[in-house]
Amino acid sequence: MANEIHNYKQLIELAVLDAHGLLDPIESDVFTRSFHDAPASIQDEIIQMQRDFALDDSLLPSDVPNSSLKKQVLHAVAEAADQEARRLAPLALIGARASAMRGKLGTSKQTYFWRTAALILFGVAVVLGIMAVESNQRATRVAQIAMNLNATSTITNTVGPDFNLFIDNPYCHVTRLEREYGNNDGYIRVAVNERFGGGYVIGLDLLDGEEIIIQGTTADGEVIELARINADGSIVGHSFDIAKELIPGLTIAAVDANTGKRWI
Amino acid sequence: MFGFCTVLYFNIRGRVGEDLPTQEPDYRLMRRVAIGEEDAIAELYDRFGALVYKLSIQFLSNNSAAEDAVQEVFVRLWKTADRFDPRKAKLVTWVMLITRRHLIDCIRRKTVRPKSHELNEQHQLSATGEQNTSNIVTQERNAALWQALQALPEMQRTVIERAYFQGFTLREVSLQIEAPLGTVKSALSRGLLRLREHGLKDSSAL
């Protein structure tokens, strides 16, 4: 009981820091995971507390924005959307080529039979996977880290000291990747050092045996492989090389090496 | 019995185990923002633009930089709109979290970080009448914040100034003041809670 109260107090402390944007991306992820595992009553308390912090303007200046700012905001978002569409065009082409290839392969009765069999086997595997004790242990492990106020140190002990060069580094830009389709299991974060080059990829709570390819699309539209991670534990991570000249305008995405499913 | 079991289940599992409330108005709004619908972005601005601007002014202390920051924040909101999950946070929490993270990034990227006594200096400048009316109002509001900070124990004040207003990472603060990271986090959390209590007390006194 005393331990539960201790964990509750730490969770509230982390919630305050999270609401103020003071947790680094990795700690924010582990807080989210811990929040996920908390009882509904505590989740409600945290949601309400964070909302109160967000709405509180008692110590903010009373200035009001210029009336033209709204137009500027709309223009800035529209411009960013155009740029993003241009940058992602090469990745979209990759998908189109794959679809075209699938179309050429055609289908037969045998194909349908094997697809149906594969789907059934996949369903059985998913159910078994959900029930697997190991999966629970992994979730518990990450939740325990979230409860630890020194989460970063704990992660460093797991993935090694290179992690320290990228986390909390003001020159690093961190990209958050999530599965394009399917459930929300797992996180991937990719940090690139915009000033000196180099990067770090970390995966949390990935599915066992997953192999993920981290891809970058440069400002010139060239798609390059930055790194690969193999999920052989609850937390996996390592550094990778990338020249600083390639970083401006770099768009990062990931793809499952086995299934081809994308992370964006 | 079924009702009891349902309550028990959600108390054990937490609400995030439930399905996404796709009919929830804020969720629908952010889906529209995610696909770049201009009306939706305008609605988001109407609801939160002023709050985002006030926080930007407090962090950056200049109208032009604050306006740039507001535009950048809304671009970030558009980019991350599809990640908004109403089971985890209210929309205002999400918007202000993105805003605070962006402003802290802005401060971290500056070559020269603001000094901890700048809030006080701004207050003194306003008293000499060297600034225009708008700035004086801003500085008076920051003076209220500065006074609230002074009411905190030294440790809590130091970590808030360094981590929140100067953009140092918690690890950097921990090294600077030679205190364990866990102690820094606890002091920061307690200090922010007390600052909010101070602000609410002042608001209710008006």
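This structure is a prediction, so every number in the text was calculated from the model and none was measured.

A few words on the overall build of chain A. The helix and strand inventory of chain A stands at eight helices and eight strands. In chain A, once contacts between residues fewer than 6 apart in sequence are set aside, the share between residues at least 24 apart is 65%.

Moving on: the packing of helix 2 (residues 25–34) of chain B against helix 3 (residues 38–60) of chain B. All names here are of chain B. Between helix 2 and helix 3, the shortest axis-to-axis distance is 7 Å and the interhelical angle comes to 125°. Comparing the axis directions of helix 2 and helix 3 gives the class oblique. For the pair helix 2 and helix 3, the sense of crossing is left-handed. Contacts from Leu29, Arg32 and Val33 of helix 2 reach helix 3 at Ala40, Ile41, Glu43 and Leu44. Among the residues making up the contact of helix 2 with helix 3, the classes are represented as five nonpolar, no polar and two charged.

A few words on the interface of chain A and chain B. The partner chain B presents 65 residues to the 47 residues of chain A that form the contact. Only helix 1 (2–19), helix 2 (25–37), helix 3 (40–55) and helix 4 (69–105) of chain A provide two or more residues apiece to the side of chain A that touches chain B. Considering only residue class, the side of chain A that touches chain B consists of 26 nonpolar, eleven polar and ten charged.

Let's shift gears to the sheet that holds strand 2 (residues 187–193) of chain A. Residues and elements named next belong to chain A. An order of 1-2-3-6 is seen for the four strands of this open sheet, with the pairing classed as antiparallel. If you trace the sheet from one side to the other, it starts and ends with strand 1 (172–177) and strand 6 (235–240), each paired once. Here the average twist between neighbouring strands, direction ignored, is 15°. Examined bridge by bridge, strand 2 and strand 3 (residues 199–204) share six bridges and lie antiparallel to one another. Looking at the pairing, Arg189 lines up with Ile202 of strand 3.

Next up on the list: helix 4 (residues 63–80) of chain B. Spacing of three or four residues puts side chains on the same side of an α-helix, whose turn is 3.6 residues. With 18 residues, helix 4 of chain B should cover 26 Å at 1.5 Å per step; its first-to-last C-alpha distance of 26 Å lies within 8% of that length. What helix 4 of chain B keeps buried is the set B:Ala66, B:Glu67, B:Ala69, B:Val70, B:Gln71, B:Val73, B:Phe74, B:Val75, B:Leu77 and B:Trp78.

The next point concerns the confidence of the model for chain A. Residue and element names in this part refer to chain A. This prediction gives chain A a mean pLDDT of 74; 69% of its residues lie at or above 70. Element-level pLDDT for chain A is lowest in helix 6 (residues 133–147), with a mean of 47, against a maximum mean of 92 in helix 3. Note on residues 1–6: pLDDT is under 50 here. Beyond four places in sequence and across chains, it has zero contacts. Here residues 91–108 is modelled with pLDDT under 50, and outside its nearest four sequence neighbours on either side it reaches four contacts, counting other chains as well.

Attention now moves to the nonpolar core. Counting 96 residues, the largest nonpolar core has B:Val70, B:Phe74, B:Leu77, B:Ala163 and B:Leu188 as the members making the most contacts within it. Residue contributions to this core peak at nine residues, all from helix 3 of chain B. Those residues in contact with B:Ala163, other than ones at most four positions away along the chain, are A:Leu22, B:Phe168, B:Leu170, B:Val173 and B:Leu188.

All right, on to the pairing of strand 7 (residues 251–256) of chain A then. Residue and element names in this part refer to chain A. Direction of pairing for strand 4 (residues 211–217) relative to strand 7: antiparallel, over a ladder of six bridges. Across the sheet, Thr217 pairs through a bridge with Thr251, a residue of strand 7. Where strand 7 and strand 8 (residues 262–263) come together, two bridges link them in antiparallel fashion. From the neighbouring strand, Val255 faces strand 8, where its bridge partner is Arg262. Here strand 7 folds back onto strand 8 in antiparallel fashion, the turn holding five residues, of which Gly260 has a positive phi close to 80°.

Our next topic: the packing of helix 3 of chain B against helix 5 (residues 91–109) of chain B. Residues and elements named next belong to chain B. Close contact between helix 3 and helix 5 brings their axes to 10 Å; oriented N to C, the two are set at 25°. Here helix 5 runs roughly parallel to helix 3, going by the angle between their axes. The way helix 3 lies across helix 5 gives a crossing that is right-handed. Residues Phe48, Leu51, Val52, Leu55, Ser56, Phe59 and Leu60 of helix 3 pack against Val92, Val95, Met96, Thr99, Arg100, Leu103, Cys106 and Ile107 of helix 5. In terms of residue class, the contact of helix 3 with helix 5 is made up of twelve nonpolar, two polar and one charged.

It is worth spelling out helix 3 of chain B at this point. Across its 23 residues, helix 3 of chain B extends only 28 Å between first and last C-alpha, which sits more than 12% below the 33 Å expected from 1.5 Å per residue. Taken as a whole, helix 3 of chain B carries its principal kink of about 55° at B:Phe48.

Right, let's get into the environment of B:Glu37. In this fold, B:Glu37 is placed in the loop between helix 2 and helix 3. Separated by 41 residues in sequence, B:Glu37 and B:Trp78 place their C-alpha atoms 9.7 Å apart.

Residues and elements named next belong to chain B. Taken residue by residue, chain B gives an average pLDDT of 79. The fraction at 70 or more is 71%. In the model of chain B, helix 1 (residues 2–13) stands out as the element of lowest mean pLDDT, 42, in contrast to helix 3, which has the highest, 94. Contacts for the low-pLDDT stretch residues 122–131, under 50 throughout, to residues beyond four places or in other chains number 17 contacts. Predicted complex, confidence summary: ipTM 0.77, pTM 0.61.

Before going further, it helps to examine the pairing of strand 3 of chain A. Residue and element names in this part refer to chain A. The buried fraction of strand 3 amounts to six of the six residues, a majority that puts the element mostly inside the structure. Alternating residues of strand 3 divide into Gly199, Val201 and Gly203 and Tyr200, Ile202 and Leu204, and every residue in both groups is buried. Sheet topology note: the strand 3/strand 6 ladder contains six bridges and is antiparallel. Across the sheet, Val201 pairs through a bridge with His238, a residue of strand 6.

Conventions adopted
- Numbering of residues starts from 1 in every chain and runs along the sequence as written.
- In the order they appear in the text, chains get letters beginning with A and ligands get numbers beginning with 1.
- The model is predicted, so local features are restricted to residues of pLDDT at least 70 and side-chain atom pairs to those at 80 or more, both for listing and for counting; the totals for chains, interfaces and linings are taken over all residues.
- Secondary structure elements are defined from DSSP: runs of H or I of at least 4 residues count as helices, runs of E of at least 2 residues count as strands, and each element is numbered from the N terminus.
- For the purpose of contact definition, each residue receives a C-beta atom placed from its backbone, and two residues are in contact when these atoms lie within 7 Å.
- Orientation is described by axes fitted as lines to C-alpha atoms, over the contacting stretch for helices, and by angles from 0 to 180 degrees between their N-to-C directions.
- Each angle gets one of four labels, with under 35 degrees taken as roughly parallel, over 145 as roughly antiparallel, 65 to 115 as roughly perpendicular, and the rest as oblique.
- In this scheme the crossing of two helices becomes right-handed for a clockwise turn of the near helix relative to the far one and left-handed for an anticlockwise turn of less than a right angle.
- Side-chain classes follow a simple rule in which Ala, Val, Leu, Ile, Met, Phe, Trp, Tyr, Cys and Pro form the nonpolar group, Asp, Glu, Lys and Arg form the charged group, and the remainder, Gly included, forms the polar group.
- Strands qualify as paired when DSSP identifies two bridges or more between them.
- To estimate how far a helix should extend, the number of its residues minus one is multiplied by 1.5 Å.
- Three exposure classes are used, all based on how many other C-beta atoms lie within 10 Å of a residue's own C-beta (placed from the backbone): buried at 20 or more, exposed at 12 or fewer, and partly exposed between those limits.
- pLDDT expresses how confident the predictor is about each individual residue, on a scale running from 0 to 100.
- Think of a nonpolar core as buried Ala, Val, Leu, Ile, Met, Phe, Trp, Tyr and Cys residues, each tied to the set through C-beta atoms within 7 Å.
- Bend, at a single residue, is the angle you get between axes fitted to the 7 residues ending at that residue and the 7 residues starting at it.

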